[in-house]
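# Structure assessment
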Amino acid sequence: DDIFTKAHAAGKIPVSFEMFPPKGELTLDKAHDAAKKLSAYGPDFISVTCSAGGGGNFTQTAAIASMLESEFNVSSVAHLTCISLTQEGLKERIAQYKAAGVENVLALRGDRPTKDSPLYGAPSDFSFAAQIIPALIEAGFCVGGAAYPEGHIECESLETSIEHLKLKQDAGASFFVTQLFFDNEYCYRFLDLAEKSGITVPITCGIMPFVSKQQITRMVLMCGASLPSPVIKLLAKYDDDPASLAQAGIDYACRQLQDLKEHGVDGLHVYTMNRPSVASAAMQALGR
Ligand code: FAD
């Protein structure tokens, strides 16, 4: 049984968190602390990002995923990006994830390395996430993929983006996690279109609380999510009050989560990053 089947069988909407391998020294100590605090809120799983551009942190991702399972008894999903991988490199990652005991993998293309990244122009045998899914399934992982309620930023239309999503399901993906969005109506429209296009696997909806104007601007420019006017008004209202803005961001995200829950979506994924305060607010809002 995968993580969604288990939660649905128990009659609940799965709630998951996302964390990242901290940068710099004492990385695993810091990760241990974040993993412990996030696990304490009882999520159905925690997913662990990996950096496509930086290249080197697959080891950390696998180690943190393994720590979540063995030490904190929480299911984990390890992200795996393929944009700068060769076939040989993919085999090594698979062996590394297997050795760490990883069971669930989120197959991703990854953000393209920027010009200042050491991986810029590095050889790659893969252009799309769907291309690595068969090898991951063959290796025995339960595999998920990323979905885009407003269409992927490089894709000309939402319909085409959903066709590409379907290719991931056809390749064997058994769940999807969405990109963040600030207007639930976009998500409902997407879920409807995805269903009509033959997507049958669970789609868990990703919500990220905004923290600052700088962070939200960077995020929307990177992923192409729309900023609805209620969010723009909050950014204006608390322009010179960063603490109130961060709180307003958490409150807004909690309202989105409650609304999604009422709509009976397949799952809720909170981009907690390594902030236990976000996990706490989300779980409280969801009555868990
Ligand atoms: P794909 O599914 O491969 O799609 C990439 C683009 O190619 C899209 O425009 C798609 O429409 C198009 N496409 C797909 N198939 C075809 C085809 N056959 N022909 C033509 N075009 C096609 N990035 C990281 O670096 N590390 C992470 O840990 C990470 N975690 C993420 C988690 C989630 C839940 C999400 C939503 C995103 C995450 N990302 C992460 C960002 C992600 O890597 C980027 O959004 C990236 O630009 C696309 O990745 P993908 O796997 O969705 O790509």
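Provided above is the structure to which this section pertains.
Residues numbered from 1 in each chain as written. Predicted model: local features only at pLDDT ≥ 70, side-chain atom pairs only at ≥ 80, totals over all residues.

Check the secondary structure of the chain and you find 11 helices and 8 strands. Against the compact-globule benchmark of 19 Å for 288 residues, the chain has a radius of gyration of 18 Å, which places it among compact chains. A principal-axis box enclosing the C-alpha atoms of the chain has dimensions of 50 × 45 × 45 Å. Buried positions account for 46% of the 288 residues belonging to the chain. (Helix = DSSP H or I, 4+ residues; strand = E, 2+ residues; numbered from the N terminus. Rg over C-alpha atoms; globule rule 2.2 N^0.38 Å. Buried ≥ 20, exposed ≤ 12 C-beta atoms within 10 Å, placed from the backbone.)

Turning our attention to the environment of A9. Relative to the helices and strands, A9 is located in helix 1 (residues 3-9). The exposure class assigned to A9 is exposed, which follows from the 9 C-beta atoms found within 10 Å. Each C-alpha atom of the pair A9 and D239 lies 45 Å from the other, and the pair is 230 residues apart in sequence.

It is worth spelling out the nonpolar core at this point. If you look at the biggest cluster of nonpolar residues, it comprises 82 residues, and the most contacted ones within it are A78, V105, A107, I133, I207, L268 and V270. With 7 residues, helix 3 (residues 58-72) is the single largest residue contributor to this core. The residues contacting A107, other than those within four sequence positions of it, are L80, A129, I132, I133, L136, V143, G145 and A173. (Core = buried A, V, L, I, M, F, W, Y, C linked by C-beta atoms within 7 Å. Contact = placed C-beta atoms within 7 Å.)

Now for the sheet that holds strand 6 (residues 175-178). Two strands in a sheet stick together by hydrogen bonds in their backbones, pointing the same way (parallel) or opposite ways (antiparallel). Pairing within the closed barrel is parallel, and its 8 strands lie in the order 1-2-3-4-5-6-7-8. Direction aside, neighbouring strands of the sheet carry axes that sit 30° apart on average. By the bridge criterion, 4 bridges tie strand 5 (residues 142-147) to strand 6 in an arrangement that is parallel. For G145, the partnering residue across the bridge sits in strand 6 and is F176. (Pairing = 2+ DSSP bridges. Axes fitted to C-alpha atoms, helices over the stretch in contact; angles between N-to-C directions.)

Closest axis-to-axis distance for the helix 3/helix 4 (residues 87-99) pair is 9 Å, and the angle between their directions is 25°. The orientation of helix 3 with respect to helix 4, classified from their angle, is roughly parallel. Read as a crossing pair, helix 3 and helix 4 show a hand that is right-handed. Of the residues in helix 4, those in contact with F58, T59 and A62 of helix 3 are R93, Q96 and Y97. Of the residues that constitute the contact of helix 3 with helix 4, the class distribution is 3 nonpolar, 2 polar and 1 charged. (Parallel < 35°, antiparallel > 145°, perpendicular 65-115°, else oblique. Left-handed = near helix turned anticlockwise from the far one by under 90°. Nonpolar A, V, L, I, M, F, W, Y, C, P; charged D, E, K, R; others polar.)

Attention shifts here to helix 6 (residues 158-171). Under the 1.5 Å per step criterion, the end-to-end length of helix 6 is 20 Å for 14 residues, consistent within 8% with the ideal 20 Å. What helix 6 keeps buried is the set S161, I162, L165, K168, Q169 and A171. Buried residues along helix 6 cover an arc of 170° about the axis, so they all sit on one side. Exposed positions of helix 6 whose direction lies more than 90 degrees from the buried face are E159, T160, E163 and D170. Contacts made by the buried residues of helix 6 are with helix 5 (133-138), strand 5, strand 6 and helix 7 (184-196). G172 lies just past helix 6 and shows a positive phi near 125°. (Expected span 1.5 Å × (residues − 1). Arc of directions from axis to C-beta.)

These values are about where atoms sit, not about what they do.
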